[in-house]
Structures are given as structure tokens and as C-alpha cells.
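# Descriptive analysis of the structure
What follows is each chain in one-letter form.
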Amino acid sequence: MIVLLSGQIKNIGDFLITDRARKLFEEFVDKEIVILDRTKKLDEHLDTINKSRFIVLCGGPAYTSDIYKGIYPLVDDLSKIKVPIIPFGLGWCGRPSGNPEAFKFNVESRKFLEDVHKTIEYSSCRCLITEGVLNNNGLNNVTMTGCPVWYDLPSIGKDFKEKRDIKHIVFTTAADPKLIRQTIKLIKTITRQFPAAKITMTYHRGILPDKHTTIRATIGYLAMYLGSKLTNSKVAIKDVSYDLKKLDFYDDCDFHIGYRVHAHLYFLSKRLPSILINEDGRGKGMVETMNLPIFNIEDDNLISKIDQELTHYKKTNFSSFKSVGAYIDTQFNVMKTFLEGVKKYD
């Protein structure tokens, strides 16, 4: 049995990470997976944990300065955990933005990670920037496996198919509700490039307010949609939070463009083209690692650059994405080697 710590609460990206990680461990390590909430202390689950082979730390931008207790509360007395702790596909938080070399863990988290890395052969991280951050902080037994969302097992070994006719586009909205003007400009550009295509704006963190989404954020999210609707009356809206089945329609779409990292990775994993717009260093880590064009929200020329890229993709039927599929397949061998390595913890 393996214990997997998951942050799946509302953001559908966290559900996707958990699902893909679980499938990888089931396929290559152990069929029995117990999923626990990483946001809560684990004292009441210590009996289950200590009967397992190991704990998997699974999530997105977990490498914050306070990863221990901030991202993973675990238990106050770590000696109570008797099994190895394995970071899996974790990423740097993206702060300080654009300056990963300056990132440091606090004292408590640094000691936690040093102790973790002393008891395992390798940890796994999701991008080259994260690998550099860990190395800069003295953690060198790290394997860059990529994010588990890279790997849709039925799609491994398949080629990207050229796209000659774009009928349905997914546009994922930004986490920052203040990016209203930029969103509307992007919708205008997409509409001009693909005038016949349906555009569905999806919200990975939801739309309406609840304990995980503020009223202020909801106002910004709705303004994004209404402004886009005035630009293109065919724009639809969809809340895809809380339930992974809400993403099923992505498989029937032709192209993704937007701000959500895990929508970007979902499309690429399914061998469908995607453009990611980076809100911070998390997205940049992904596109740099996969050798894809870099588009940052603070770039004054962002819209024109994306316009040029879309023109290029249309002329070439998105054929350049074939190299992305080949890269994912190559890295899948790295992932399988890593998973073979953790089988020894029994």
C-alpha cells in the first residue's frame, strides 16, 4: 500500500495531478493507493501511514519557503512517521517571480527536506527550474521526471495529429481576476484568427463565491466573460472545478490557449496543441522545460506575439507540436525509471 497526499479541494488542476499520479503508481509500483488530504495534519492516520510502503508528496507548486507545515502540515513530531517520504513531481512556487536563484526555504522546511532526501535515493520534480532551485538549496539527489499530468498512459507513443480545421477552442481564464483587459484582447485575437471556431472559457478554480473563492474574485471572473462575450457572441462559459469529469469535453476540442498550467499539460498529454500564458514562474518552468514559446503576462508585446504565433501555427497546421509528443515519450522513460527505483521501499 502507498499513501498519496493530495491537495484536491476545488482547483481541478489538483484533481488532475492526483489522478495522473495515482494511475502511474498503480501501473508501475502498487495497485493499492490510499489518498489523504495534504492540507490537514495526519496524526489520526499514523497507523495507516506506518503500515504503508511510503508516503508520496503530490501536488503542484509545493516548493514554497514553508513547504513543511505550510503546504504539508504532516505531524509536529516527524519521528512518528516511520516510512520514507517521497516528493513526486513537485514544483517551485514561482516566487520571487522571475528570480528562482533567490529562493530559500525557511529553517524548518530546509531541515525537513534534508532529512527526507537522506532517507531516499531520489526525489522527483516537475521542471528544470525546480531542479535548479533544489540544487541551489543543497538538495542534489533529484530527478526531473516532469509533472505527472504530462503522462496520459493511453496516449504514450502516439503522435500529434496536424490540425487543419479548428472548430472548438478552450480558453482557460487567469487565476488573477484583475487580468480582464488582457483576457478581452486575447479573445479578440483568437476570434480574428479563428472566426468560425467556438470558444469555451473555462474556470479551473470555479466562478461563484464559496469558502475557496472570494466575491471579489467572482466579480473579476464574470467581467472577463462578459467582456469577452461582447467581443464574440459565440463565447461560452464553463465552471470545471471540483469534478474531474467536467474536463471530459476537452478531449473533443481542437486547441487550448490560456493561463491554466494543467489545462496546457492536459492538452499536450492528449497530443493536442496548446499555448500557455505564464502568470508566474510555475508556468514558465513548464514551457522552458518543454522548449515551447514563452508568453508572460507582464510582456507589453504579449498580444502581438501570440497573434504571430497563431499565424505560424495556422500556416503549419500546428505540426511543430510533434516534437512535444516525442519529448513527453522520452521523459516517460525517465519517469518509469524513477518509479522502478521506489519499488525498493517495501
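Residues numbered from 1 in each chain as written. Predicted model: local features only at pLDDT ≥ 70, side-chain atom pairs only at ≥ 80, totals over all residues. Heavy atoms only, no water.

### Looking at the overall build of the protein
Cut-off, in case you're wondering: Numbering goes from the N terminus for both helices and strands, where a helix is a DSSP run of H or I of at least four residues and a strand is a run of E of at least two. Using a 1.4 Å probe on the protein chains alone, a residue whose accessible area is under 20% of its type maximum counts as buried, one over 50% counts as exposed, and one in between counts as partly exposed. The contact rule is simple, with two residues in contact once any of their heavy atoms fall within 4.5 Å. Where accessible areas are quoted, they stem from the Shrake-Rupley method and a 1.4 Å probe; at the residue level, only the protein chains shown are allowed to cover. Note that His is not counted, nor are the chain ends; the positive residues are Lys and Arg, and the negative ones are Asp and Glu. Just so you know, the charge point we use is NZ for Lys, CZ for Arg, CG for Asp and CD for Glu.
Secondary structure summary: the protein contains 11 helices and 11 strands in total. Based on the C-alpha atoms only, the size of the protein along its principal axes is roughly 60 × 45 × 35 Å. The proportion of buried residues among the 346 residues of the protein is 57%. Sequence separation of 24 or more characterises 75% of the internal contacts of the protein that already satisfy a separation of 6 or more. Approximately 14800 Å² of the protein is accessible, and the part contributed by carbon and sulfur atoms is 50%. One way to put it: in the protein the 50 positive side-chain charges average out to a point 5 Å from where the 42 negative ones average out.

### Quick word on the environment of L268
With respect to the element layout, L268 can be found in helix α8 (residues 261–269). Separated by 45 residues in sequence, L268 and A223 have C-alpha atoms that sit 29 Å apart. Not counting chain neighbours up to four residues away, the residues in contact with L268 comprise F160, S274, M290, L292, F321, V324 and I328.

### A look at the sheet that holds strand β8 (residues 198–203)
Note the following rule: Here, strands pair whenever DSSP counts at least two bridges between them. Lines are fitted to the C-alpha atoms to define the axes, a helix being fitted only along its stretch in contact, and any angle between axes, read from their N-to-C directions, falls within 0 to 180 degrees.
Pairing in this open sheet of 5 strands is parallel, and the strands run β9-β8-β7-β10-β11 from one edge to the other. Either end of the sheet is taken by a strand with one partner, and the two such strands are β9 (236–239) and β11 (274–276). Direction aside, neighbouring strands of the sheet carry axes that sit 20° apart on average. The sheet contact formed by β8 and β9 spans 4 bridges and is parallel. Within β9, the position partnered with T200 by the bridge is A236.

### Focus: the pairing of strand β4 (residues 85–88)
Neither face of β4 is open: one carries I85 and P87, the other I86 and F88, and all of them are buried. Here strand β3 (residues 55–58) pairs with β4 via 4 bridges, running parallel. Among the inter-strand pairings, I55 is bridged to a residue of β4, identified as I85.

### Some thoughts on the sheet that holds β3
Taken in spatial order, the 4 strands make up an open sheet running β2-β1-β3-β4, and their pairing is parallel. Single-partner strands in this sheet number two, and they are β2 (33–37) and β4. On average, each strand axis in the sheet is tilted by 25° relative to the strand beside it, whichever way the strands run. Pairing of strand β1 (residues 2–6) with β2, which is carried by 5 bridges, proceeds in the parallel orientation. The partner of L4 across the bridge, within β2, is I35.

### Focus on the packing of aromatic side chains
Condition: The rule is short: rings of Phe, Tyr and Trp, with Trp giving its six-membered ring, pair when the centres are within 6.5 Å, and they are stacked under 30 degrees, edge-to-face over 60, tilted in between. Whether a charge lies above a ring is judged from NZ of Lys or CZ of Arg, which has to be within 6 Å of the ring centre and within 35 degrees of the ring normal.
Under the defined criterion, the tally for this structure stands at 23 aromatic pairs. Centre to centre, the rings of F25 and F54 are 6.1 Å apart; their planes meet at 55°, and the pair counts as tilted. Within this pair, whereas F25 is found in helix α1 (residues 12–28), its partner F54 is found in the loop between α2 (46–51) and β3, the two being separated by 29 residues in sequence. You'll find F25 and F54 in the same group, each marked buried. For the pair Y250 and Y266, a centre-to-centre distance of 5.7 Å together with 70° between the ring planes defines the contact as edge-to-face. You can see Y250 sitting in the loop between β9 and β10 (255–258) and its partner Y266 sitting in helix α8, a full 16 residues away along the chain. The pair Y250 / Y266 is uniform in exposure class, with both members buried. Among the aromatic residues, those joined into a ring-pair cluster are F160, F194, F255, Y313, F318 and F321. Over the ring of F249 we find K238, and its NZ or CZ is 5.4 Å from the ring centre. Here the basic side chain of K314 rests over the ring of F194, its NZ or CZ set 5.6 Å away from the ring centre.

### Regarding helix α10 (residues 302–316)
As a reminder, the rule being used: Take the number of residues in a helix, subtract one, and multiply by 1.5 Å to get its expected span. An arc is given here, and it is the one of the directions from the helix axis to the C-beta atoms.
With 15 residues, α10 extends 21 Å from end C-alpha to end C-alpha; this agrees with the ideal 21 Å at 1.5 Å per step. Those residues of α10 not exposed but buried are L302, I306, E309, L310 and Y313. The arc that holds every buried residue of α10, seen down its axis, measures 100°, which confines them to one face. Of the exposed residues in α10, those oriented more than 90 degrees away from the buried face are Q308 and K315.

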